Amino acid sequence: MYVVKSPLADADLKTVAEALQGALVDLVDLSLVAKQIHWNVVGPRFRSVHLQLDEVVASARTHSDTVAERASALGVPPDGRAATVSSTSGIKTTPSGWIKDGDAVGAMVDALGSVITRMRERVHTTEEPDPVSQDIFIQITADLEKHHWMFQAENA
């Protein structure tokens, strides 16, 4: 049943829908991972890492809303439920308990790197079927790469 009908051809819509859903899951999980680490980071760089993690959370949440709304605009119902995120995310599980500041930074470098790799794939796969969604993925990738750079510099 279509509530909103996309102007995209069915095959193109399928490709774009998969890219948008994957991005949504990655972004929701990234915000959860960053918040989990934010609550548990300890060490001499606690304050700076703690605040930097909140910046990632804010970015991921903003981008996840943009992606979900783009999916809705194309007639694709976004799925950000916990079970969906848990079963389809490509980010490694975050360790439980306290996490030393250097390990926290390393975990964020890994998580951001994973999401960026998949975002770049989405940039490629949406180039032909939907340049509008591709543009969203390009903007998200640029923002995440900035966070990635800053976390890498933190542990240099």
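In this numbering scheme, every chain counts its residues from 1 along its sequence in written order. Residues qualify for local features only when their pLDDT is at least 70, as the model is predicted, and side-chain atom pairs are given and counted only at 80 or more; totals for whole chains, interfaces and linings, by contrast, use all residues. Values shown for side chains rest on all heavy atoms present in the structure; no hydrogens or waters enter the calculation.

A. Broad picture of the overall build of the protein chain. Under the DSSP-based scheme used, a helix requires at least four consecutive residues in state H or I and a strand at least two consecutive residues in state E, with every element numbered from the N terminus. Assigned secondary structure in the protein chain consists of five helices and two strands. Listed N to C, the secondary structure of the protein chain is α-β-α-α-β-α-α in terms of helices and strands. Against the 2.2 N^0.38 benchmark of 15 Å for 156 residues, the protein chain shows a C-alpha radius of gyration of 16 Å, consistent with a compact globule. Each principal axis of the C-alpha distribution contributes one length, and for the protein chain these read about 55 × 30 × 20 Å. Three labels apply to residues, based on accessible area from a 1.4 Å probe with only protein chains included: buried if under 20% of the type maximum, exposed if over 50%, partly exposed otherwise in between. Residues counted as buried form 47% of the 156 residues belonging to the protein chain. The long-range fraction of contacts in the protein chain, counting pairs at least 24 apart against all pairs at least 6 apart in sequence, stands at 83%. When charges are tallied, Lys and Arg are placed among the positive residues and Asp and Glu among the negative ones, while His and the ends of the chain are skipped. In plain terms, the charge of a residue is placed at NZ if it is Lys, CZ if Arg, CG if Asp and CD if Glu. Treating the 14 positive side-chain charges of the protein chain as one cloud and the 21 negative ones as another, the clouds have centres 5 Å apart. To get the radius of gyration, use the C-alpha atoms; to get the globule rule, take the number of residues to the power 0.38 and multiply by 2.2 Å. Only heavy atoms enter the contact rule, under which two residues are in contact if any of them lie within 4.5 Å.

B. Structural context of the UniProt feature "domain: Ferritin/DPS" (unreviewed entry) in the protein chain. UniProt positions are given in the numbering used here, feature names are shortened, and annotations may be inferred rather than shown by experiment. Mapped onto the present numbering, the UniProt feature "domain: Ferritin/DPS" (unreviewed entry) falls on residues 18-153. For residues 18-153, the end-to-end C-alpha separation is 33 Å, with 78% helix and 3% strand making up the annotated structure.

C. Molecular detail of the nonpolar core. Among buried residues, those of type Ala, Val, Leu, Ile, Met, Phe, Trp, Tyr and Cys that are joined through side-chain atoms within 4.5 Å constitute a nonpolar core. Core analysis: the biggest nonpolar cluster contains 44 residues, and Leu30, Val67, Met108, Met119, Leu144 and Phe151 have the highest contact counts within it. For this core, the secondary structure elements donating two or more residues are α1 (10-40), α2 (46-73), α4 (101-125) and α5 (131-154). Here this core takes 14 residues from α1, the largest share from any one element.

D. Quick look at the pattern of salt bridges. The rule for a salt bridge is simple: a side-chain nitrogen of Lys or Arg has to be within 4 Å of a carboxyl oxygen of Asp or Glu. Counted by the stated rule, this structure contains eleven salt bridges. Among the salt bridges present, the one from Asp10 reaches Lys5, with a minimum N-O distance of 3.9 Å. The residue Lys14 makes a salt bridge to Glu18 at a minimum N-O spacing of 2.6 Å. Residue Lys14 and its partner Glu18 are located together in helix α1, separated by four residues, close to a single helical turn. For Lys14, a relative accessible area of 52% translates into the label exposed. A residue is classified by how much of its surface remains accessible, and Glu18, at 48% relative accessible area, is partly exposed.

E. Seen up close, the packing of α1 against α4. What counts as an axis is a line fitted to C-alpha atoms, over the stretch in contact for a helix, and the angles between N-to-C directions run from 0 to 180 degrees. Two numbers describe how α1 lies on α4: the axes approach to 10 Å, and their chain directions differ by 170 degrees. Here α1 is positioned roughly antiparallel relative to α4, judged by the angle of their axes. Across from Thr15, Ala19, Gly22, Ala23, Asp26, Leu27, Leu30, Val33, Ala34 and Ile37 in α1, the residues of α4 making contact are Ala104, Ala107, Met108, Ala111, Leu112, Val115, Arg118, Met119, Arg122 and Thr125. The class makeup of the residues in the contact of α1 with α4 is 14 nonpolar, three polar and three charged. What sets the label is the angle itself: under 35 degrees gives roughly parallel, over 145 gives roughly antiparallel, 65 to 115 gives roughly perpendicular, and the rest give oblique. Under the scheme applied here, ten amino acids are nonpolar (Ala, Val, Leu, Ile, Met, Phe, Trp, Tyr, Cys and Pro), four are charged (Asp, Glu, Lys and Arg), and all others, including Gly, are polar.

F. Main features of the environment of Ser96. Residue position: Ser96 is located in the loop between α3 (82-88) and β2 (99-100). Classification of Ser96 as exposed rests on a relative accessible area of 68%.

G. Representation of the environment of Gln36 in the model. Checked against the element boundaries, Gln36 lands in helix α1. On the accessibility criterion, Gln36 (28% relative accessible area) is partly exposed. In the structure, Gln36 is positioned 60 residues away from Ser96 in sequence and 8.4 Å away in space, judged by C-alpha atoms.

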